[in-house]
Amino acid sequence: MSPVIDEKVAPIYQEVLNRNPGEVEFHQAVLEVLESLGPVLVKYPEFAHQKIIQRICEPERQIIFRVPWVDDQNQVQINRGFRVEFNSALGPYKGGLRFHPSVYLGIVKFLGFEQVFKNALTGLPIGGGKGGSDFDPKGRSDGEVMRFCQSFMTELYRHIGEHTDVPAGDIGVGGREIGYLFGQYKRITNRWEAGVLTGKGLSWGGSLVRTEATGYGAVFFVDEMLKVRNDSFEGKKCVVSGSGNVSIYTTEKIVQLGGKVVASSDSNGYIYHENGIDLDLVKQLKEIERRRISDYVNYHKDAKYVAGGNIWEIPCDVAMPSATQNEINGKDAKMLVENGCIAVGEGANMPTTPEGVKIFLDANIAYGPGKAANAGGVATSALEMQQNASRDSWTFDYTEERLQRIMKNIHQSCYETAEEFGTPGNYVNGANCAGFIKVAKAMVAMGII
Ligand code: GLU
């Protein structure tokens with residue numbers, strides 16, 4: 001059941017390639033969506049007449065700016081900042097900021113493009129955008145991170161606002177960075193405008209469950225996929241890559257649902273712990289002390305660290321890639337399937353290459369693509385915006401219950417849409433078509449803008 005691009009859609013993809021040279025991750029994200037859309041154009045011919053696909057592939061606005069700052073050695077540093085405001089048909093642009101040396105326009109556009117459909121799937125009033133910088137926070141002092149964030153916001157502030165564009169975190173941007181960004185926005189604008197950023201601290205407008213939301217949501221999504229197959233997390237051996245925010249809270253929820261997580265990783269290697277990962281230790285090492293995952297084995301002699309190792313070689317029932325894009329290639333996917341993996345839920349954005357996706361779909365395993373499975377983070381950001389707008393703060397249990405309901409609805413809408421378009425069980429098609437149709441209908445209603 002490998003996807004092929006429809007002949008009506010192929011020229012549109014060619015145009016995207018021509019207009020955006022060198023942006024390979026953006027090409028990959030666009031192709032994955034466009035491969036699903038042939039049958040949608042048959043059902044909704046007005047989308048073709050209105051050139052909705054062409055318009056959706058072109059961001060509404062792209063901002064690129066200089067970010068100068070001074071490091072601890074008194075040296076001037078220059079980074080590049082980005083904010084791509086992709087689509088605002090359903091609400092203000094919404095999506096995270098990524099600080100990582102690999103960031104360039106092609107990465108920000110792939111993330112922004114996926115965000116449009118992901119946000120539509122949540123059913124909440126949020127458009128899609130993404131931003132970031134090639135700044136590398138690794139090894140930087142608190143003071144350096146603060147000065148960088150202040151410089152970044154000194155340009156970004158003029159483009160954002162609670163009704164315009166609402167950034168949040170992503171790789172390299174967590175609670176500390178959101179704090180510095182919010183402080184600078186408040187200072188420059190002279191406005192205490194909670195709704196301008198999400199992922200805020202709990203005492204200044206943040207929402208309970210936002211920290212846990214992406215990981216928890218991804219596990220709720222996989223749990224729904226397993227339920228369809230009369231199965232559950234109970235007793236399952238799981239591999240969760242990464243050791244950042246998404247990975248940590250994915251692991252936490254899997255354990256709560258009766259599963260066991262045996263491995264964790266960072267960009268240098270992975271640890272394997274047959275008895276189950278000690279999550280309190282990972283939180284201490286990564287969230288508080290900002291250390292490398294290799295240090296884990298100093299505390300657990302029965303765990304092993306494999307420097308430069310490939311975490312997907314570990315046999316497991318459920319795999320949850322929660323590190324970064326293209327971390328599972330065709331070979332890894334084949335290995336997972338051959339080792340008996342029955343479900344994959346993507347906590348990261350686009351962690352599986354197109355070859356890998358084809359292998360998962362052909363093997364008929366339960367495969368939840370990122371734009372559906374990891375939508376819990378941004379959905380809870382939208383819940384944070386709701387609380388900010390009503391100057392309210394909800395309890396943990398109530399907010400988690402809302403998150404779980406949203407993930408259930410996303411699963412159902414992907415599942416039903418996949419069936420409607422003749423590819424039952426294919427959550428890639430389901431997510432792409434359901435997200436696209438929602439945005440497309442709003443765009444048709446609003447005219448040529
Ligand atoms: N960066 C997250 C994502 O990929 C969350 C974005 C947000 O909360 O706005 O969806």
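Scroll up to find the structure this text is about.
It should be emphasised that the depicted structure is a prediction, and the values quoted were computed from it without experimental measurement.

## Quick notes on the pairing of strand β7 (residues 260-266)
At step 1: A large share of β7 lies buried, amounting to six of its seven residues.
At step 2: Between β7 and strand β8 (residues 269-272), which pair antiparallel in sequence order, lie two residues.

## With respect to the pairing of strand β3 (residues 93-99)
At step 1: In terms of burial, β3 is a largely internal element, seven of the seven residues being buried.
At step 2: The pairing of β3 with strand β5 (residues 165-168) spans four bridges and is parallel. In the strand pairing of β5, Lys94 is matched with Val166.
At step 3: Examined bridge by bridge, β3 and strand β4 (residues 128-133) share three bridges and lie parallel to one another. Bridge pairing in β4 links Leu97 to Gly131.
At step 4: Tracing the backbone out of β3, into helix α6 (residues 105-121) and back to the parallel element β4 gives a crossover that is right-handed.

## Remarks on the site of the ligand
At step 1: Close contacts around the ligand come from 14 residues, with Lys94, Lys118, Gly169, Asp170 and Ser381 the closest.
At step 2: With respect to the ligand, the side chain of Lys94 contributes an N or O atom lying 2.7 Å from an oxygen atom.
At step 3: Between the ligand and Asn349 there is a distance of 3.1 Å, counted from an oxygen atom to a side-chain nitrogen or oxygen.
At step 4: Compared with its free state, where it exposes 300 Å², the ligand has 95% of that area covered by protein.
At step 5: Only β3, α6 and α15 (376-389) provide two or more residues apiece to the shell around the ligand.
At step 6: Grouping the amino acids of the shell around the ligand by side-chain chemistry returns two nonpolar, seven polar and five charged.

## Focus on the state of the cysteines
At step 1: Inspection of the entire model under this criterion finds zero disulfides.
At step 2: For Cys316, which is in no disulfide, the shortest distance to another cysteine sulfur is to Cys341 and amounts to 4.7 Å.
At step 3: For Cys316, a relative accessible area of 4% translates into the label buried.
At step 4: There is no disulfide at Cys414, and the cysteine sulfur nearest it, in Cys433, is 9.8 Å away.

## Considerations on the nonpolar core
At step 1: Judged by nonpolar contacts, the single largest core of 52 residues is most densely connected at Phe221, Val222, Phe233, Ile254, Tyr296, Met320 and Ile410.
At step 2: A per-element tally of this core places helix α9 (residues 210-228) first, with nine residues.
At step 3: With residues near it in sequence (within four places) discarded, Met320 still touches Ala218, Val219, Val222, Phe233, Val239, Val240, Ser241, Thr250, Ile254, Trp312 and Gly345.
At step 4: Of all hydrophobic cores here, the second largest spans 41 residues; its members include Tyr44, Ala89, Ala442 and Met443.

## Remarks on unusual backbone geometry
At step 1: One non-glycine residue, Val209, adopts positive backbone phi at about 75°.
At step 2: Within the element layout of this structure, Val209 appears in the loop between α8 (175-189) and α9.
At step 3: One non-glycine residue, Asn326, lies in the positive phi region at around 55°.
At step 4: Classification of Asn326 by relative accessible area gives partly exposed; the value is 28%.

## Description of the side chain of Arg210
At step 1: By the element assignment, Arg210 lies in helix α9.
At step 2: Nearest to the buried, unbridged Arg210 among oppositely charged side chains is Glu384, at 5.0 Å.
At step 3: With residues up to four places along the chain from it excluded, the contact list for Arg210 reads Gly199, Gly377, Val378, Thr380, Ser381 and Glu384.

## Thoughts on a nonpolar patch on the surface
At step 1: A contiguous nonpolar surface patch, about 280 Å² in accessible area, is contributed by Val70, Val76 and Ile78.
At step 2: Checked against the element boundaries, Ile78 lands in strand β2 (residues 76-87).
At step 3: The class of Ile78 is exposed, set by a relative accessible area of 60%.

## Focus on the sheet that holds β8
At step 1: If you walk across this open sheet you meet the seven strands as β9-β8-β7-β6-β10-β11-β12, and the pairing is mixed. Only two strands of the sheet have a single partner each, and these edge strands are β9 (304-307) and β12 (366-368). Going across the sheet, the axis of each strand differs from the next one's by a mean of 15°, ignoring polarity.
At step 2: In the sheet, strand β10 (residues 318-320) pairs with strand β11 (residues 343-345) via two bridges, with the strands oriented parallel. Along β11, the bridge assignment pairs Ala319 with Val344.

## Quick notes on the environment of Asn245
At step 1: You can see Asn245 is positioned in helix α10 (residues 245-256).
At step 2: Once the C-alpha coordinates of Asn245 and Gly174 are considered, the two residues, 71 residues apart in sequence, prove to be 8.3 Å apart.

## Notes on the environment of Ile293
At step 1: Locating Ile293 in the fold gives a position in the loop between α11 (279-288) and β9.
At step 2: Residue class for Ile293 comes out buried when judged on its relative accessible area of 0%.
At step 3: On a C-alpha basis, the gap between Ile293 and Gln386 in space is 36 Å, while along the polypeptide they are 93 residues apart.
At step 4: Contact partners of Ile293, with chain neighbours within four places excluded, come to Ser243, Ser264, Ser265, Asp266, Gly269, Ile271, Val282, Lys286 and Tyr305.

Reading the values: rules and limits
Residues numbered from 1 in each chain as written. Predicted model: local features only at pLDDT ≥ 70, side-chain atom pairs only at ≥ 80, totals over all residues. Heavy atoms only, no water. Buried < 20%, exposed > 50% of the residue type's maximum accessible area, 1.4 Å probe, protein only. Helix = DSSP H or I, 4+ residues; strand = E, 2+ residues; numbered from the N terminus. Pairing = 2+ DSSP bridges. Right-handed = clockwise from strand over helix to strand, strands pointing away. Near = heavy atom within 4 Å. Polar contact = N/O pair within 3.5 Å; in protein donor to acceptor, adjacent residues only side chain to side chain. Areas by Shrake-Rupley, 256 points an atom, 1.4 Å probe, with all protein chains shown as cover. Nonpolar A, V, L, I, M, F, W, Y, C, P; charged D, E, K, R; others polar. Disulfide = S-S within 2.5 Å. Core = buried A, V, L, I, M, F, W, Y, C linked by side-chain atoms within 4.5 Å. Contact = heavy atoms within 4.5 Å. Lys, Arg positive; Asp, Glu negative; His and termini not counted. Salt bridge = Lys/Arg side-chain N within 4 Å of Asp/Glu carboxyl O. Patch = residues over 30% accessible without salt bridge, like charges linked within 9 Å, V, L, I, M, F, W, Y side chains within 5 Å. Axes fitted to C-alpha atoms, helices over the stretch in contact; angles between N-to-C directions.

So yeah, pure geometry; function would need other evidence.
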